[in-house]
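Working through the structure, step by step
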Amino acid sequence: NNRYLTNNNNTTNETKASIPPYFLCPITNQIMIDPVIDLEGNTYERHAILRWLVLYENTSPITGNLLRLEELRVDKLVRGAIEKMR
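Every residue gets a number counted from 1 within its own chain, in the order that chain's sequence is written. Residue-level local features of this predicted model are given only where pLDDT is at least 70; pairs of side-chain atoms are given and counted only at 80 or more, and the full residue set underlies all totals for whole chains, interfaces and linings. Heavy atoms from the whole structure form the basis of all side-chain values; hydrogens and water molecules are not counted.

Some points on the overall build of the protein chain
Across its full length, the protein chain holds 3 helices and 3 strands. For the protein chain, the residues scored as buried account for 28% of the 86 residues in total. In the protein chain, 42% of the contacts between residues at least 6 apart in sequence involve partners at least 24 apart. In the structure as shown, the protein chain presents an accessible area of about 5,900 Å², 49% of it carried by carbon and sulfur atoms. Only DSSP runs of H or I reaching four residues or more are called helices, and only runs of E reaching two or more are called strands; each is numbered from the N terminus. Categorising residues by exposure relies on relative accessible area from a 1.4 Å probe, with only protein chains included: less than 20% of the type maximum marks a residue as buried, more than 50% marks it as exposed, and the intermediate range marks it as partly exposed. Contact criterion: two residues are considered in contact whenever any of their non-hydrogen atoms come within 4.5 Å of each other. In this description, accessible areas are obtained by the Shrake-Rupley approach with a 1.4 Å probe, and a residue is regarded as covered only by the protein chains that are shown.

Below you can see the structure in the form of structure tokens.
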């Protein structure tokens, strides 16, 4: 959600370019609010990966490997970095 980087709901290309790619969920392409990390080191927005796992039968959107809900953990490093940006 780009609301943290916008002024008057206008996000410039310059602002978008300054967002570190690891702040963005690979599923939604939005800045994460509740990032979780899998055992392979991939980080996702929690709601997006939960929906993905239901729709695509527990497969990783990045590797296609088996990915179980119980393997996801809060990504404290990414969450902290995003919170500092706000």
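Digging into the sheet that holds strand β1 (residues 35-37)
The strand order across the open sheet built from 3 strands is β2-β1-β3, with neighbouring strands paired in antiparallel fashion. Here the strands that pair on one side only, and so sit at the sheet edges, are β2 (43-45) and β3 (73-74). The pairing criterion is simple: DSSP has to find at least two bridges between the two strands. Here β1 pairs with β2 via 3 bridges, running antiparallel. In the strand pairing of β2, V36 is matched with Y44. A fitted line through C-alpha atoms represents every axis, and for helices the fit uses only the stretch in contact; the resulting angles, taken between N-to-C directions, go from 0 to 180 degrees. Those strands touched by helix α2 (residues 46-55) are β1, β2 and β3, and its axis lies near 95° from that of β2.

Here we look at the pattern of salt bridges
Only one rule defines a salt bridge in this text: a Lys or Arg side-chain nitrogen within 4 Å of an Asp or Glu carboxyl oxygen. Tallying each qualifying case throughout the model produces 2 salt bridges. The shortest N-O distance in the salt bridge between D34 and R46 comes to 2.7 Å. With D34 in the loop between α1 (13-17) and β1 and R46 in helix α2, the pair connects residues that are 12 residues apart, well separated along the chain. When salt bridges that share partners are traced, they join D34, R46 and R79 into one network.

Quick word on the packing of aromatic side chains
Each pair of aromatic rings taken from Phe, Tyr and Trp, with Trp reduced to its six-membered ring, is defined by centres within 6.5 Å and is described as stacked if the planes are under 30 degrees apart, edge-to-face if over 60, and tilted in the remaining cases. This structure, assessed with the given rule, holds 2 aromatic pairs. On the numbers, 4.2 Å between centres and 35° between planes, the contact of W52 with Y56 is tilted.

Comments concerning the confidence of the model for the protein chain
Per residue, pLDDT measures the predictor's confidence, with a range of 0 to 100. Summary statistics for the protein chain give a mean pLDDT of 86 and a share of 80% for residues scoring 70 or more. The low-confidence segment residues 1-14, where pLDDT is below 50, has 17 contacts with residues more than four positions distant or belonging to other chains.

Considerations on the environment of T28
Structurally, the position occupied by T28 is in the loop between α1 and β1. Relative accessible area serves as the criterion here: at 29%, T28 is assigned to the partly exposed category.

Some remarks on unusual backbone geometry
Of note in this structure, N29 is not a glycine but carries a positive phi near 60°. Along the chain, N29 turns up in the loop between α1 and β1. You can call N29 exposed: its relative accessible area is 53%. Even without being glycine, E57 reaches a positive phi, approximately 50°. In this structure, E57 sits in the loop between α2 and β3.

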